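One-letter residues, chain by chain:
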Amino acid sequence: MKIVWSSKEIPILIMFDESSLKHSIWKLHNQPLKEMRAEKTIDRDHLINTFETEEEKKFLPDVKAQSAGKEDERRFASEVTLEQLIEEETPSGSRGRVFLAHDERDEPLLCIHSKNKFTAYSYQNGEAKFAFALDNLVSTVAINSTRSLFKDILALDHSGNLLVFVGRHLMAKLNFVVSNFDSNRKKIIRLDDSVSDRFNVEICEEVERKNRTQLYRFRLNLIPTSSLVSDAFKSLACVFPFHFVAQLFSKFVEKVNGIEGKNRNSRESDEQGWKVLSELLWDLFSSEKMEISSVPSLDFLSCFSKDQRKSRIFDGKKNRIDEKVQKSIEEKREILQQSHQIAEVILCSFHLLLENYKIDDTKSRLVKTLSSFLESLSHSLSWNRYLEYYCKENGTIFVETKEGKNYVPPNLFEWILNTMKGVYEEFPLFSSPFSPCERTRKLCRFYSILSYSRLASNFASKVKRNDWLVRLQKKNSVQFNDSFVESKELEACERMLLSMVQEGCDLAYINSLPYGIALPLLEAVRACRNNCPPPSTRWPKEAYLIVGREEMAMQMIDTAVFNPIQIPHESSPNNEESINSSPSVQDTEGLESLSPTTTMRFSKDSRLKEVARVLTSSKVLLIQISESSGLSDHEAITKQMEKLAQISKRTMALPLGRGMFTLRNWKTPIVCEQISVSQMIFSAKLQSSKMVTTLDSSVLTPEVLSWPDFHNGVAVGLRIPPGHTDINSTWIAYNRLTATSKESNAETLLSNYAGFLFALGLHGYLTFLTKTKIYEFLVKSHPLTSVGLLLGIATNQIGSCDHNTARLLFVHIPAFQPSNSTDLDVHPNLLAASLIGVGLIYQESMHRRVTEVLLGEIGKRAKDNVTNRESISLCAGLGLGFVLLGKGSNTTGLTDMRVEDRLTRYMLGGTIRELESLENINSSSSKANDDPPKSFLVAEGDRINVDVAASGATLALGLMYLKSNSRAIAERFSIPKSCFDLDLIRPDLLLLRVLAKNLVLWDSISPSEDWISSQIPTFMKQLLFETDRKSLNESEVDYELVRMSHLNVLSGVFLSLGLRFAGSANAEAYRILMKHLEYLLQAQKKNDDPVTFGLADSPSLEGCVNNALIAVSLVMAGTGNLEVFTIARKLRFKIPKASAKYIHGEHSYGSHMAVHMAIGFLFLGGGTLSLSTSNASIAALVTSLYPIWPVDSADNRYHLQALRHFYVLAVEDRCLETVEVDSGKLCRIPIEIEMREKSEGFPAKIQTHSPCILPELRFVKRVNVLGPRYWNQSIQVEGQNQILYRSKRVYVKKKVSFLSYEEDPKGFRSIFSRTYPKTERKYFDWETPTENTKGIDQKEFIESFSADPSVLAFATYMCNPDSGKDAHFFTGILYECLTHDKLEALPLYLSLQDFANRIQKQ
């Protein structure tokens, strides 16, 4: 069995069985048929054999058949199932030709032509049935001959005639004529290759006893060119049996072509076509021979009888006269009655067509032609009221006949008037969905819905409204949902608008109506525009387009489908360079490729330029060194080198802040071009001598520059936003970074590329990296590349628990290896990255094995290699915090491990024996808990090394109980309550305890002085701030230790406040943090302050200042706050007295890193991004902002430097952009943000201007567009599918009479405060404007208020004084429409003016 035909239109396959020589029709089901027997279905294995090539076979899904019991009772569980609908009864003999056509009801016909047998099967409602058969046909094809959208059957008979069938009905019979065609020598073989109305004809000619075939291409288009003729035939098809219309159409085609048998060489004109049809109709009326079945239904005439009060819709296909009844009537009386009745039905049907033409401006020219014919026909029938009606239309004299009938003709205009007055009448309509009077039906529906409030009493007393509306809206092809008609919440105007959407109408439909009919509809549309509901499921987007609220329609378009408007880069000349362009060589740092949103947010000052200047590391700096007398040249050079060394530490820390500032600002990198990275320049130009000095290369060793180069590569990679579809494994592997400087060496580029890989992982691109490429990167044994790659891969799979990715990290962690395996020499940094990477992969999973290993790694004893033990322990603790993030006591399956107690022991200290008593004895099956050999480098004894394990354990416990508000756990982070206890703990561990405690007691964090004071131990406040210290023995007090501990506690408090209100711009948190920051800055300048006495240059005070600055920048993330930026800029310029150690000076590399990260947070993403406070985001920020900063650029002892970029995991796009829907440009408008009731720290309403940073959307209730210049709208924040969760872009529409806030900030240039330009030539010259011309012309004036091309064209051509005497009138109506924002009324004014001119001429 072979498949011989299939179609995209209907789910049908036609097969041919070569053994039985029969065709069969099968229906395709996308879902399996559970109760279908085997003989009625075909499975995939059987179906795949019907395809002839392997290419065809592979497109079918892989489906397995299940068998149970007997063979005939098999059930198939497949994705595709074929159900047999019908099979030929007799063999057809050959495969033949199969095609799809349509019958007279436009339903599909499955046509099978095999040899001389032609069979058609109808397909309706999923069933195939035999329709009809035709004999003596040589060849057949499907062609668009009489209908443009549906296929007819074109057949060739044995006589060489072309036959056109619509279903079984013969529509035309044409002789085939070709020049020099000799029927004796040439013979038509077949028709083939039909496309639209064209087809091929194959002719066989006998030449010298040999047959030679020729191929001709023909076109057969029988569709009347006259729209009146076409509509007339459609009207007749609505009331007469189709075979009668087919006979009439056949005669029409025959007469138009002149004589039967000739080719149709030219198309008929409009006048000629109607003349031919009218002659045929008159011949029909006078004919004495008429088929009985051609008589129409008497029910249709009843629609036009009497006074039209009892009329109803006619269905000509359901109410035909029975032939058996008609045969009993006398023949002559029957013929006379039929002729008269046919004329009456044609009159009534053409009258409906006339009424339809009267409301269609595009066909108003046909009214007089049709009404003239109807006038003659009504005179012949003696229908006086109809005759009077048509005489008025044609302007002829009405003469009433004595024995005439007084039927009242339906008048659509009168019906509309009565409907608006509240008088109910039905208007007769065709029921066919393809009738030529659909415009009338739609208009009746609109006015009936619009007037429903006035007609309520009439409907109740006369007829059920639902029944009448159902009849009025009856349409076979479209099923309407009229639930909105029943809704009492919707006004009549809104119901009318929604009905327009259902009917597929728009403003063009209303504008094509006569102005008297269109005016109420336009007023209803205008009322809907002023009261639009928010974009939701209540209105479809088409409704917003009809009322002119395109901005709301844009909100409803899904971003996955809609291609958003490309906003031009406003800073570039002539808009030639956009934000989507590739960065230039001069801007490889991305500091100049700022988005229009960034530029608009900070357009009132030069802060962006200052930020770009501060964060650039690829330019030679200008420095000033005071010249001291008596210095030799060598000493002067040494002094220059010392200062340049201090500046170099700042330069090395710049990439972190630059990566934050340029985060995601590179929209679409060019895939075929390599990305360049600008190298850091450690040179400076002396201001006095203008001489460039370069730092000694012996100082800039690879160890010193490796991590700064890594951060530089991260900054480049972070510019690429996530979601770019063109970045794949090949692009990542072969897009090695190129340097802009020739001095860059291979080691520098390798470190850059390591950071670039990490950045790609942070944005989710390493998912596409193949295993072979990963292997190639790892076997190079470059530590930075391995660290960046593993961390990047882990961040791609956060929370996925993907075992394949985890195994890649397990290889680098000895604790995950079997107990008898060989120890691997793993780089400490790589081990630390692997530990935290495993935590990311198993985030919030509570995986038992991972928890066990990470818990053991926190307090693991020292071996031979003791490098960076603190960093490894910290990463293990942070990884454990990710695995148990926010789970608290709900750690199902981990209760026996006593995780909280073991972490507390690591944090507070104790003996190894005490720790072993807490461990699970069943967890000793791996190397994780084996007793390691004692180290020969570190003597730790039998006690827990708190200095190593406390940091990781503290943060792990804090993240585990994040936001749990558990007082019991919070008490474990005990703060010393006396000076004696203070000697037992390192001061920096106090910072971590305070931070972890507040992470647990999240809801208790308050931006107030009382809360800050409650965090400081009482004895510290007594020693530092109170004068009465009698209860204290001051001789035993170490005040320096107390002050250091106090500063660390304050640092923990500041970080807690910053994390609690991160990205919120909370005013109270900002105020309290700025107060303490300014206090600390002042304390650095004096030595008599009780808090910082003797610690003016200590690392504790410097760290406290850094943490306070970081905290306030977290709160104001993305806001670009000037006060905080000013403080950060002063701190970055702080260069203390030079030390003999160039790189290890007093102002550490870590301090510069903290300052530049604070600047980066303030301008995160150029001011378009902010921070989230979700559990995962808080954990990422804690990891990134670990408060112990590196001393130099190679320091990874306490914290792995790569983790500083984890802030990316907490970044959230909450920048609200407003775009003018007409111009596609960003705009600044006032907005109001309404907050939910449970939004702590926020007022009920926030009024600001866009673009702006929104609060976290879980706190936002709605966003309202305010101001008189733009149409108001309210955007609800209800779910993840809302626009604010997708794109943060809100489209707005400017009112016509106003300018934007950028063009008119004060509102002094609106259309109400400006004079409309005159039309006299003395004010301006349209053709040749001169320099002396004052003011602006009308075109300029209009362009400033409306971008509508039709309005601009109207002002240019209609309001031009050279356009005619009506220019003054056109100018007046245009100005009125602009001021009242009703531009849709312009066509009405033009129609009125045209009507007045015609009346004046007459």
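This is a predicted model, so every value here is computed, not measured. (Residues numbered from 1 in each chain as written. Predicted model: local features only at pLDDT ≥ 70, side-chain atom pairs only at ≥ 80, totals over all residues. Heavy atoms only, no water.)

Enquirer: What is the right way to look at the overall build of the protein in this model?
Expert: Summing up its helical and strand segments, the protein has 51 helices and 32 strands in all. Counting every position in the protein, which comprises 1402 residues, the buried fraction comes to 55%. Partitioning the contacts of the protein with sequence separation of at least 6, the portion at a separation of at least 24 is 69%. Approximately 64,300 Å² of the protein is accessible, and the part contributed by carbon and sulfur atoms is 50%. (Helix = DSSP H or I, 4+ residues; strand = E, 2+ residues; numbered from the N terminus. Buried < 20%, exposed > 50% of the residue type's maximum accessible area, 1.4 Å probe, protein only. Contact = heavy atoms within 4.5 Å. Areas by Shrake-Rupley, 256 points an atom, 1.4 Å probe, with all protein chains shown as cover.)

Enquirer: Would you mind showing me how to read the sheet that holds strand 32 (residues 1289-1292) here?
Expert: Consider a sheet: its strands pair through backbone hydrogen bonds, and that pairing is either parallel or antiparallel. Read from one edge of the open sheet, three strands run 29-26-32, paired in mixed fashion. Single-partner strands in this sheet number two, and they are strand 29 (1252-1253) and strand 32. When strand 26 (residues 1215-1220) meets strand 32, the two strands line up parallel, connected through four bridges. Paired with threonine 1218 across the strands is valine 1290, a residue of strand 32. (Pairing = 2+ DSSP bridges.)

Enquirer: What is the right way to read the sheet that holds strand 14 (residues 161-166) from this model?
Expert: Pairing within the open sheet is antiparallel, and its four strands lie in the order 12-13-14-15. The open sheet is flanked by strand 12 (137-143) and strand 15 (169-175), the only strands paired with a single partner. The average undirected angle you get between the axes of adjacent strands in this sheet is 25°. Of the strand pairs in this sheet, strand 14 and strand 15 are connected by six bridges, and their pairing is antiparallel. The partner of valine 166 across the bridge, within strand 15, is histidine 169. Contacts between helix 4 (residues 242-256) and the sheet are confined to strand 14 and strand 15, with strand 15 contributing the most and set at about 15° to the helix. (Axes fitted to C-alpha atoms, helices over the stretch in contact; angles between N-to-C directions.)

Enquirer: Can you walk me through helix 24 (residues 702-717) in this structure?
Expert: Side chains that are three or four residues apart share a direction in an α-helix, a result of its 3.6 residues per turn. Relative to the 22 Å expected for 16 residues at 1.5 Å per residue, helix 24 spans 22 Å between its end C-alpha atoms, a close match to the ideal helical length. Within helix 24, 14 of the 16 residues are buried, leaving the element largely enclosed by the surrounding structure. (Expected span 1.5 Å × (residues − 1).)

Enquirer: It is not clear to me how the pattern of salt bridges should be interpreted in this structure. Could you clarify?
Expert: Oppositely charged side chains may form a pair once their charged atoms are brought near each other. Inspection of every chain in the model, using the stated rule, returns 40 salt bridges. Here arginine 190 and aspartate 192 are joined by a salt bridge, their closest N and O atoms 3.8 Å apart. A relative accessible area of 37% places arginine 190 in the partly exposed class. For the salt bridge of glutamate 503 with arginine 441, the shortest nitrogen-to-oxygen distance reads 2.8 Å. Residue glutamate 503 is found in helix 16 (residues 492-503), and its partner arginine 441 is found in helix 12 (residues 438-450); the two are separated by 62 residues along the sequence. Side by side, glutamate 503 and arginine 441 carry an identical accessibility label, which is buried. One connected set of salt bridges, linked through shared partners, spans Arg97, Arg190, Asp192 and Glu202. (Salt bridge = Lys/Arg side-chain N within 4 Å of Asp/Glu carboxyl O.)

Enquirer: Whenever I open this one, empty space enclosed by the protein confuses me. Can you help?
Expert: The rolling of a water-molecule-sized probe over the atoms marks out the regions of remaining empty space. Counting across every chain of the model gives 13 cavities of 30 Å³ or more. What the largest cavity holds in volume is close to 70 Å³. For the largest cavity, the lining is made up of 13 residues, of which Gly859, Lys860, Arg861, Ile944 and Asn945 are closest to its centre. Listed by contribution, the elements that provide at least two residues to the lining of the largest cavity are helix 34 (912-918) and helix 35 (946-960). Residues of the lining of the largest cavity, tallied by class, amount to seven nonpolar, two polar and four charged. (1 Å grid on protein atoms, 1.4 Å probe; cavity = no way out; pocket = protein on both sides within 12 Å on 5 of 7 lines; lining within 4 Å. Points joined across faces, edges and corners; volume = space filled by probe spheres on them. Nonpolar A, V, L, I, M, F, W, Y, C, P; charged D, E, K, R; others polar.)

Enquirer: Even after reading the chapter, I still don't get unusual backbone geometry, so can you show me in this structure?
Expert: When glycine is set aside, most residues are seen to have a negative phi, and most peptide bonds are trans. At the junction of serine 1250 and proline 1251, the peptide bond is cis and its omega measures out at -5° in the coordinates. On the secondary structure map, proline 1251 appears in the loop between strand 28 (1245-1249) and strand 29. In this structure, serine 781 is a non-glycine residue whose phi angle is positive, near 55°. Along the polypeptide, serine 781 turns up in the loop between helix 27 (771-778) and helix 28 (783-796). The phi torsion at alanine 1065 lies on the positive side, around 55°, for a residue other than glycine. Along the chain, the position of alanine 1065 falls in the loop between helix 41 (1039-1060) and helix 42 (1067-1083). In this structure alanine 1065 comes out as partly exposed when scored by relative accessible area, which is 36%.

Enquirer: Sorry, what's going on with a negative patch on the surface here?
Expert: Together, Asp981, Asp983, Asp1038 and Glu1040 give the surface a local cluster of negative charge. For aspartate 1038, the position within the fold is in the loop between helix 40 (1018-1025) and helix 41. (Patch = residues over 30% accessible without salt bridge, like charges linked within 9 Å, V, L, I, M, F, W, Y side chains within 5 Å. Lys, Arg positive; Asp, Glu negative; His and termini not counted. Charge placed at Lys NZ, Arg CZ, Asp CG, Glu CD.)

Enquirer: Is there a simple way to explain the packing of aromatic side chains in this structure?
Expert: In this description, an aromatic ring pair is defined by two values, namely the gap between the centres and the angle between the planes. Here the structure, examined in full by the defined rule, presents 34 aromatic pairs. With a centroid separation of 6.3 Å and an interplanar angle of 85°, the aromatic rings of phenylalanine 661 and phenylalanine 1163 are classed as edge-to-face. Residue phenylalanine 661 is found in helix 23 (residues 633-661), and its partner phenylalanine 1163 is found in the loop between helix 45 (1149-1162) and strand 24 (1170-1171); the two are separated by 502 residues along the sequence. The exposure class of phenylalanine 661 is buried, given its relative accessible area of 1%. Here phenylalanine 1163 falls in the buried class, since its relative accessible area comes to 0%. Each residue in the set Trp383, Tyr386, Tyr389, Tyr390 and Tyr407 is aromatic and connected to the rest through ring pairs, giving one cluster. (Phe/Tyr/Trp six-rings, centres within 6.5 Å; stacked < 30°, edge-to-face > 60°.)

Enquirer: Is there a simple way to think about the nonpolar core in this case?
Expert: In terms of nonpolar packing, the biggest core is built from 208 residues, with Ile732, Leu791, Leu1109, Met1157, Leu1171 and Tyr1207 touching the most fellow members. In terms of residue count, helix 41 provides more of this core than any other element does, eleven residues in total. Among residues more than four places away in sequence, those in contact with leucine 791 are Phe758, Ala833, Ile836, Leu1200, Ala1202, Leu1203 and Phe1206. Membership of the second largest hydrophobic core comes to 101 residues, among which are Cys238, Phe242, Phe285 and Ala343. (Core = buried A, V, L, I, M, F, W, Y, C linked by side-chain atoms within 4.5 Å.)

Enquirer: For this particular structure, what's the right way to read the packing of helix 23 against helix 45?
Expert: The packing of two helices is summarised by the inter-axis angle and the distance between the axes. At a minimum axis distance of 8 Å, the contact between helix 23 and helix 45 shows a crossing angle of 30°. Looking at the two axes, helix 23 sits roughly parallel to helix 45. Once helix 23 is placed against helix 45, the crossing between them reads as right-handed. Residues Gln646, Lys649, Arg650, Met652, Ala653, Leu654, Leu656, Gly657 and Met660 of helix 23 touch helix 45, and the partners they reach there are Tyr1149, His1152, Met1153, His1156, Met1157, Gly1160 and Phe1161. (Parallel < 35°, antiparallel > 145°, perpendicular 65-115°, else oblique. Left-handed = near helix turned anticlockwise from the far one by under 90°.)

Enquirer: What am I meant to see in the environment of cysteine 672 here?
Expert: Within the secondary structure layout, cysteine 672 lies in the loop between helix 23 and strand 20 (676-677). The class of cysteine 672 is exposed, set by a relative accessible area of 72%. The sequence separation of cysteine 672 and asparagine 735 amounts to 63 residues, and the corresponding C-alpha distance is 9.1 Å.

Enquirer: Explain the confidence of the model for the protein to me, please; I cannot follow it from the model alone.
Expert: In this model, the protein carries an average pLDDT of 78, and 77% of its residues clear a pLDDT of 70 or more. At the level of individual helices and strands, the protein shows its lowest average pLDDT in helix 14 (residues 465-472), which scores 31, and its highest in helix 46 (residues 1175-1184), which scores 96. In the predicted structure, residues 259-267 sits below a pLDDT of 50 and forms 18 contacts with residues beyond four places in sequence or in another chain. Counting interchain partners and residues more than four positions distant, the pLDDT-below-50 stretch residues 453-486 has 66 contacts. (pLDDT = per-residue confidence, 0-100.)

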